[in-house]
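Coordinate analysis (summary)
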Amino acid sequence: IRDSFLLPFFGDRTIGEMNKEHLIRSYMQAIADREFSDSVAKKNWSYLNAILETASGLGVNRGNAAKLI
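Structure report, in brief. (Residues numbered from 1 in each chain as written. Predicted model: local features only at pLDDT ≥ 70, side-chain atom pairs only at ≥ 80, totals over all residues. Heavy atoms only, no water.)

1. Quick notes on helix α1 (residues 2-10)
Under the convention used in this document: Per-residue accessibility, obtained with a 1.4 Å probe over protein chains only, is compared with the maximum for each type, and a residue is labelled buried under 20%, exposed over 50%, and partly exposed between these values. Per the convention used, a helix needs a DSSP run of H or I reaching at least four residues, while a strand needs a run of E reaching at least two, with both numbered from the N terminus. Think of it as the arc spanned by the lines of direction from the helix axis to the C-beta atoms. Throughout, a contact is declared for two residues whenever any of their heavy atoms are within 4.5 Å.
For α1, every residue scored as buried is listed here: Phe-5, Leu-6 and Phe-10. Summarising the axial view, the buried residues of α1 lie within an arc of 80°, below the 170-degree limit, and thus occupy one face. Every exposed residue of α1 that faces more than 90 degrees away from the buried side is listed here: Asp-3 and Pro-8. Check the buried side of α1 and you find it contacts α2 (15-18), α3 (21-33) and α4 (38-57). At the C-terminal side of α1, Gly-11 shows a positive phi close to 50°.

Spelled out as structure tokens, the structure:
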């Protein structure tokens, strides 16, 4: 998921930059536009959510924007 989905979309953005609701919505819309199955979309969201939740827990981010969608 990281190499096939996250890196091509987020590229050189930091975790702090990734933690924006509009960016996460755009990411999930890109997954939907490519017409992947629900399970692929859920795995992508889960992976992104886990990264942002871990960053939040470590104090890198304030909150987790993935939980807002």
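2. Focus on the packing of aromatic side chains
Applied cut-off: For Phe, Tyr and Trp, where Trp contributes only its six-membered ring, two rings pair if their centres lie within 6.5 Å, and the inter-plane angle classes them as stacked under 30 degrees, edge-to-face over 60, or tilted in between.
A complete count under the given rule lists four aromatic pairs for this structure. Pairing Phe-9 with Phe-10 gives two aromatic rings, centres 4.9 Å apart and planes at 80°, and the pair type is edge-to-face. Owing to a relative accessible area of 25%, Phe-9 belongs among the partly exposed residues under this scheme. Members of the aromatic cluster, joined through ring pairs, are Phe-9, Phe-10 and Tyr-27.

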